[in-house]
Amino acid sequence: MSSVPGPSREPPRYLSKAEAEAIEKELLEDYRFGRQQLIEIWGHACAVAVTKAFPLPSLPRKQPTVLVVCGPAQNGAIGLVCARHLRIFDYEPTIFYPKRSLDPLYRDFTTQCEKMDIPFLSYLPTEVQLINDAYNAVVDAVLGAEAELGEGRGPCAGILATLKHVRIPIVSLDVPSGWDVEAGSSGGISPDVLVSLMAPKQCARRFLGRQHFVAGRFVPYDVQKKFELNPPEYPGTECVVALSAPQ
Amino acid sequence: MLRTHRAVLEDPSGGSGPRAAPLRVGTRSPHACPRGGPSPAPHSPAPRAAGAERAGTQIAAVAKATASRVSMAAAGTAPTSAASGKAEAEAIEKELLEDYRFGRQQLIEIWGHACAVAVTKAFPLPSLPRKQPTVLVVCGPAQNGAIGLVCARHLRIFDYEPTIFYPKRSLDPLYRDFTTQCEKMDIPFLSYLPTEVQLINDAYNAVVDAVLGAEAELGEGRGPCAGILATLKHVRIPIVSLDVPSGWDVEAGSSGGISPDVLVSLMAPKQCARRFLGRQHFVAGRFVPYDVQKKFELNPPEYPGTECVVALSAPQ
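Just so we're clear, the structure is a prediction, and the values are computed from it rather than from any experiment. (Residues numbered from 1 in each chain as written. Chains lettered and ligands numbered in written order. Predicted model: local features only at pLDDT ≥ 70, side-chain atom pairs only at ≥ 80, totals over all residues. Heavy atoms only, no water.)

(A) Summary view of the overall build of chain B. Scanning chain B from terminus to terminus reveals 7 helices and 11 strands. Of all 316 residues assigned to chain B, the portion counted as buried reaches 56%. Counting contacts in chain B only where the partners sit at least 6 residues apart, residues at least 24 apart contribute 69% of the total. Element-wise, carbon and sulfur atoms account for 52% of the exposed surface of chain B, whose accessible area totals about 13,000 Å². (Helix = DSSP H or I, 4+ residues; strand = E, 2+ residues; numbered from the N terminus. Buried < 20%, exposed > 50% of the residue type's maximum accessible area, 1.4 Å probe, protein only. Contact = heavy atoms within 4.5 Å. Areas by Shrake-Rupley, 256 points an atom, 1.4 Å probe, with all protein chains shown as cover.)

(B) Local environment of the sheet that holds strand 9 (residues 262-266) of chain B. Residues and elements named next belong to chain B. The strand order across the open sheet built from 7 strands is 6-5-7-8-9-10-11, with neighbouring strands paired in mixed fashion. Of all the strands in the sheet, just strand 6 (161-165) and strand 11 (310-311) have a single pairing partner and so form its edges. Taken together, the 3 bridges between strand 7 (residues 206-210) and strand 8 (residues 239-242) define a ladder with parallel strand orientation. Note that in strand 8 the partner of valine 207 across the bridge is isoleucine 239. (Pairing = 2+ DSSP bridges.)

(C) Main features of the nonpolar core. Membership of the largest hydrophobic core comes to 121 residues, with the highest contact counts inside it found for Ile95(A) and Ile164(B). Aside from chain neighbours lying at most four places away, what touches Ile95(A) is Val68(A), Cys70(A), Leu80(A), Ala83(A), Cys113(A), Ile118(A), Pro119(A), Phe120(A) and Leu121(A). Grouped together as the second largest cluster of nonpolar side chains are 26 residues, Ile200(B), Val211(B), Ile228(B) and Ile239(B) included. (Core = buried A, V, L, I, M, F, W, Y, C linked by side-chain atoms within 4.5 Å.)

(D) Region of the structure containing the sheet that holds strand 2 (residues 92-96) of chain A. All names here are of chain A. Taken together, 8 strands build an open sheet; the order of strands is 3-2-1-4-5-6-7-8 and the sheet is mixed. Strands at the two margins of the open sheet, each flanked by one partner only, are strand 3 (120-121) and strand 8 (241-242). As defined by bridge partners, strand 6 (residues 193-197) adjoins strand 7 (residues 211-215) across 5 bridges and the pair is classed as parallel. Residue pairing for strand 7: valine 195 is matched across the bridge by phenylalanine 213. Contacts from helix 2 (residues 35-53) reach strand 4 (137-141), strand 5 (170-173), strand 6 and strand 7 within the one sheet, and its direction differs from that of strand 7 by about 150°. (Axes fitted to C-alpha atoms, helices over the stretch in contact; angles between N-to-C directions.)

(E) Summary view of the packing of aromatic side chains. Inspection of every chain in the model, using the stated rule, returns 4 aromatic pairs over all chains. Geometrically, the ring pair formed by Trp42(A) and Phe218(A) is edge-to-face, given 6.2 Å between the ring centres and 75° between the ring planes. Taken together, the residues span a long stretch of sequence, with Trp42(A) in helix 2 and Phe218(A) in the loop between strand 7 and helix 7 (221-226) at a distance of 176 residues. An identical accessibility class is assigned to Trp42(A) and Phe218(A); each is buried. Measuring from ring centre to ring centre gives 6.2 Å for Phe102(B) and Phe287(B), while their planes differ by 80°; the resulting arrangement is edge-to-face. With Phe102(B) in the loop between helix 1 (86-98) and helix 2 (104-122) and Phe287(B) in the loop between strand 10 (280-284) and helix 7 (290-295), this residue pair connects regions lying 185 residues apart in the sequence. (Phe/Tyr/Trp six-rings, centres within 6.5 Å; stacked < 30°, edge-to-face > 60°.)

(F) Highlighting the pairing of strand 7 of chain B. Residues and elements named next belong to chain B. Judged by how many residues are buried, strand 7 sits mostly within the fold: 5 of 5 residues are covered. Of the two faces of strand 7, the one holding Ala206, Val208 and Ala210 and the one holding Val207 and Asp209 are both buried throughout. Where strand 5 (residues 134-139) and strand 7 come together, 5 bridges link them in parallel fashion. When the sheet's bridge partners are listed, valine 138 is paired in strand 7 with aspartate 209.

The values are spatial; any link to function lies outside them.
Pasting the structure below:
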């Protein structure tokens, strides 16, 4: 399967919050995908996107360090799986996961990371220069599409305030944390890279960063048709693909 | 429902040239610990020792205790991997599930996806002899069959046209969910496997053998799956076996059983893979945590880039 653009394709559709939830519900209830399965698929795809956005030889620091900041819900769990795969891909992830979920599934994902010797920070330095100096990039897995409007101003506010001031690149998983899923940002973080899960969300229209990946290859064809996703072409066996560079 | 396709009178041996994993030499540097966090133990894997070069072997699996890396600079093939016995393979899986808290759903998804990627490497779409990229996936009743179901689903995603034969459907809800995922992707399920082998040869480019895995008891190949295996033994199209060629003893190997062209070892090769005489042997073990690799002395090969499978040695 070639990545060369063929006859003009419809651009991918950008989803509303309700549509994103409907697709996930259909995958879980009708298609009988499991959450563990989906989070593994998404986390792996996010890690692959990170390797494409920040190939090992291109990293500025001597050590291929990446900070992965995980929120309390599903987006955070995706971050955990992403961190695990980054370790497998020879990056050196460090996780900041302050509000550990009691959900046994998320606790298992946490154990998998701990057993792979991935360090977990006990606190996130408020002095941003410490983060800038230690890591090549930050993976933002704090809040996802399921986040309620205003959650960015709640318990995660402190983390997001710090992330807003980092000078190293940020990779946001699915939705830049703190952004409204549809309306986008109002003074929130500005990621360099966005990895949309399944399909882009409407807020991605306001994404101004360097690269926008979509990780939607696993979505069954009938779901793509039903929701008119117009997914891009994925070359070979790739699970993520970069959408055209934003202007 | 039997899918039939017009037989294409072409050389059925189409396939791309041999692929060997590129040799990358390097050691992992100790994990730097930024301020504010716990210090992890530094990772320094044992340096790989060069050993005598083996020529003419299809698969270089050596006993675990004396595993040594073969210098492959001239031949351009990947280093050797230790081969696991049945008890070891079970112990690794148990450790992943109980200590590392991997879930079965997660592992089967990882394995099935890796097997599908291996199939695309062994049989790239442009190389298939038949007009339609058909593949028959034969799934047994236990875990190996579930891996086959996930493999089939990914083959569909990769634009192949898998057809599944899954005669003994498991009651396990996990395996039933994997089955539903395939059904909802419009992958056809055969109601019976033709005993006339020519029908299979004509309709498909290859067969994925996901009938019995490493957990199978000795002699299971002569039990309920015997009929399937008897048919598979006579197909003339290539067979890709997942983890263990079905019907083979996990350690001793085959005694007149099927002869797969391609073997995809999960986690690490099993001892029976020493008797594998086919074209390509892949290992899908990238996800295995480093400490497990060390504990069981797996000596895994290098995986290029973000690849989840790698070919073990150049086919002849």
